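Next come the chains, spelled out residue by residue.
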Amino acid sequence: MTELTFSRLSSHFRPWLLVAAFSLLLFLITAATYSSLGIVIPAMVQELGWSWELAFAGFSILGVFTGLSSWLPALLIRRIGVRGTVLAGVAVMAGGLACLARVHALPIYFLGTALCGIGFQMAALIPGTHVLSAIFKQRALPFGIYFTFGALGGVAGPLMVVAILRATHDDWRLYWALQAALVGVVGLVCAVAVGGPRWLEQAGAALDTVLDAEARAGTLPGKVYHTGHEWSVRDAVRTPQFLVLLAAYFSHLLAGITAASLTQAHLTGLGVAGGVAAGMLSLEGLMQVGARLGGGTIGDRVDPKWLLVFAQGLLVVGLLALSRAATPPLLLLYAVGVGVGFGLTVLAVSLLLLNYFGRRNNVELFSLTCLVGALSAAGPVIGGHMRDRLGTFAPTFQLFAAVTAVVFVAALFMRPPKGMPQA
């Protein structure tokens, strides 16, 4: 094989190697944090004698720090590159999981969950979307695969907890230690695959040149939207389109986090068997997987705006069904509506940010969008507050359905931004 042939093969396979590496890292980080903590907490409460309120406060801290730290990856990527950011994020994540493995008191528990939230943003989500946007012209499929693995992590996390606790006689400390080691190994592999900043910068610049030329010639493939200009962060955040995308990202997190935390208690309160309620949560997770994979498959042939409209509409339907889900048809409607709506929204928002505002400042724009995750962590607190005063969780789901309906209408009438300024 000649050196030229090897170089061509390397340039062809490296982007998909990066898809695989970042997808595996997102899968593992999702499984080790949001999908595991709620399952491990009962064992921790039993051994350490904590109250349930304080134990679940760690879950809220995880969500708040995930959202509040979303500005950090963009800053680090600009200063030390993607590889340095991933390595730092993996170190923070592994440190947080190590804290959970050695926890004996609440301060180190809260520190561990805070570090896991910060590491979640630094190690995978924001660096991953930044890298993939720089190396793929048609981004829907690689983004779909990437976010699908994140959803699969949500499905696999509880299964991993159950399997390891059963094999180790409920040694939850060992579970956290194993997850810390796995995150460290996979994160190192991912950082090696990314390589130095020069290759990524050259790949991104070459892609921008191609997109600019095809935009001027009117030959962009499928539904890739690009005007040949790049928005500055300052100009982009002032547009109605950015505000709609920000609101959509907020509404899907608000619905998803609230449903994940309150559904079990809500459904059993409606008379649904505990096993059936848990099964609906699992089905919702599987719907997220299918939605992201399906959205990635068609996302370059369908305007992502319509994926967003469809997703927000399904969230409204799913939340309203959940509020009264005492029958099998309503349970199924909830699982499909919330699962598909949640799964598609993050994919559609990611694609629209790139289509509308360009790639050059996308890492900052996506980071600002992720910042609303801190606000959405209030959903379970609002739900508990309303439950204490109204005796049911139903009004919470109905209220959040109304919020999402407003976003649905805004997305329905949204158009691409006009008069795009030069950055």
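1. A look at the overall build of the chain
From N to C terminus, the chain includes 17 helices and 0 strands. Against the 2.2 N^0.38 benchmark of 22 Å for 423 residues, the chain shows a C-alpha radius of gyration of 21 Å, consistent with a compact globule. Each principal axis of the C-alpha atoms in the chain carries an extent, and together these give about 60 × 45 × 40 Å. Split into buried and exposed, the 423 residues of the chain put 53% on the buried side.

2. Observations regarding helix 16 (residues 379-390)
Compared with an ideal rise of 1.5 Å per residue, which puts 12 residues at 16 Å, helix 16 spans 16 Å between its outermost C-alpha atoms and is within 8% of the ideal. After helix 16 finishes, the residue Gly391 shows a positive phi value of roughly 80°.

3. Some thoughts on the pattern of salt bridges
For side chains of opposite charge, pairing can occur when their charged atoms come near one another. Taken as a whole and assessed by the stated rule, the structure comprises 2 salt bridges. The residue Arg173 makes a salt bridge to Glu47 at a minimum N-O spacing of 3.4 Å. Here Arg173, found in helix 7 (residues 172-194), pairs with Glu47, found in helix 2 (residues 34-48); they are 126 residues apart in sequence, far enough to count as distant. When its relative accessible area of 18% is taken as the criterion, Arg173 is described as buried. Between Arg78 and Glu364 there is a salt bridge, with its nearest N and O atoms 2.7 Å apart. Placement of the pair is Arg78 in helix 4 (residues 71-101) and Glu364 in helix 14 (residues 362-370), with a sequence separation of 286 residues. What makes Arg78 partly exposed here is its relative accessible area of 43%.

4. With respect to the nonpolar core
One finds Phe22, Leu97, Tyr109, Trp176, Leu245, Leu308 and Phe357 to be the most contacted residues of the largest nonpolar core, which totals 89 residues. Counting residues per element, this core draws most heavily on helix 5 (residues 106-135), which supplies 12 residues. Not counting residues within four places of it along the chain, the set of residues in contact with Phe357 comprises Glu230, Trp231, Ala236, Thr239, Gln241, Phe242, Leu245, Leu352, Leu365 and Pro417. Membership of the second largest hydrophobic core comes to 22 residues, among which are Leu267, Ala325, Leu331 and Tyr334.

5. Some remarks on the side chain of Ser350
Here Ser350 shows up in helix 13 (residues 328-357). Once residues within four sequence positions are removed from consideration, Ser350 is found in contact with Phe143, Phe147 and Phe366.

6. Quick look at the confidence of the model for the chain
In low-pLDDT segments, the atomic positions of the prediction should not be examined closely. For the chain, the average pLDDT comes to 86, and 92% of its residues sit at 70 or higher. Every residue in residues 1-10 is under pLDDT 50, and counting partners more than four places away or in other chains gives 2 contacts.

7. So, the packing of aromatic side chains
Taken as a whole and judged by the stated rule, the model has 11 aromatic pairs. Ring geometry for Phe143 versus Phe147: centroids 6.1 Å apart, planes at 70°, classification edge-to-face. Here Phe143 pairs with Phe147, and both are found in helix 6 (residues 140-167), just 4 residues apart, close to one helical turn. Exposure remark for Phe143: the relative accessible area of 1% places this residue in the buried category. The exposure class of Phe147 is buried, given its relative accessible area of 2%. Here the aromatic residues Trp231, Phe242, Tyr356 and Phe357 are joined through ring pairs into a cluster of three or more. The residue whose ring lies beneath Arg387 is Phe393, and the NZ or CZ to ring-centre distance is 5.9 Å.

8. Observations regarding the packing of helix 11 (residues 274-298) against helix 13
For the pair helix 11 and helix 13, the least separation of the axes is 7 Å and the interaxial angle reads 40°. The interaxial crossing formed by helix 11 with helix 13 has right-handed handedness. In the contact of helix 11 with helix 13, the residues fall into 17 nonpolar, 5 polar and 2 charged.

9. Quick word on helix 12 (residues 304-323)
With 20 residues, helix 12 extends 29 Å between its outermost C-alpha atoms, agreeing within 8% with the 28 Å of an ideal straight helix rising 1.5 Å per residue. Across the 20 residues that make up helix 12, a large majority, 16, are buried.

10. So, the packing of helix 6 against helix 13
Describing two packed helices takes the angle between their axes plus the distance from one axis to the other. Contact geometry of helix 6 with helix 13 gives a least axis separation of 10 Å together with a crossing angle of 145°. Relative to helix 13, helix 6 is oriented so that their crossing is right-handed. Facing helix 6, whose interface residues are Ala140, Phe143, Gly144 and Phe147, helix 13 presents Val346, Leu347, Ser350, Leu351 and Leu354. Class assignment of the residues belonging to the contact of helix 6 with helix 13 gives a composition of 7 nonpolar, 2 polar and no charged.

11. Concerning a nonpolar patch on the surface
A cluster of nonpolar side chains, namely Leu68, Trp71, Leu75, Leu368 and Leu371, defines an oily patch on the protein surface of about 430 Å² accessible area. The topology assignment puts Leu371 in the loop between helix 14 and helix 15 (373-376).

12. Side note on the state of the cysteines
A full pass over the atoms with the stated rule returns 0 disulfides. Lacking any disulfide linkage, Cys99 is separated from the closest cysteine sulfur, that of Cys116, by 8.1 Å.

Basis of the calculations
Residues numbered from 1 in each chain as written. Predicted model: local features only at pLDDT ≥ 70, side-chain atom pairs only at ≥ 80, totals over all residues. Heavy atoms only, no water. Helix = DSSP H or I, 4+ residues; strand = E, 2+ residues; numbered from the N terminus. Rg over C-alpha atoms; globule rule 2.2 N^0.38 Å. Buried < 20%, exposed > 50% of the residue type's maximum accessible area, 1.4 Å probe, protein only. Expected span 1.5 Å × (residues − 1). Salt bridge = Lys/Arg side-chain N within 4 Å of Asp/Glu carboxyl O. Core = buried A, V, L, I, M, F, W, Y, C linked by side-chain atoms within 4.5 Å. Contact = heavy atoms within 4.5 Å. pLDDT = per-residue confidence, 0-100. Phe/Tyr/Trp six-rings, centres within 6.5 Å; stacked < 30°, edge-to-face > 60°. Lys NZ or Arg CZ within 6 Å of the ring centre and 35° of its normal. Axes fitted to C-alpha atoms, helices over the stretch in contact; angles between N-to-C directions. Left-handed = near helix turned anticlockwise from the far one by under 90°. Nonpolar A, V, L, I, M, F, W, Y, C, P; charged D, E, K, R; others polar. Patch = residues over 30% accessible without salt bridge, like charges linked within 9 Å, V, L, I, M, F, W, Y side chains within 5 Å. Areas by Shrake-Rupley, 256 points an atom, 1.4 Å probe, with all protein chains shown as cover. Disulfide = S-S within 2.5 Å.

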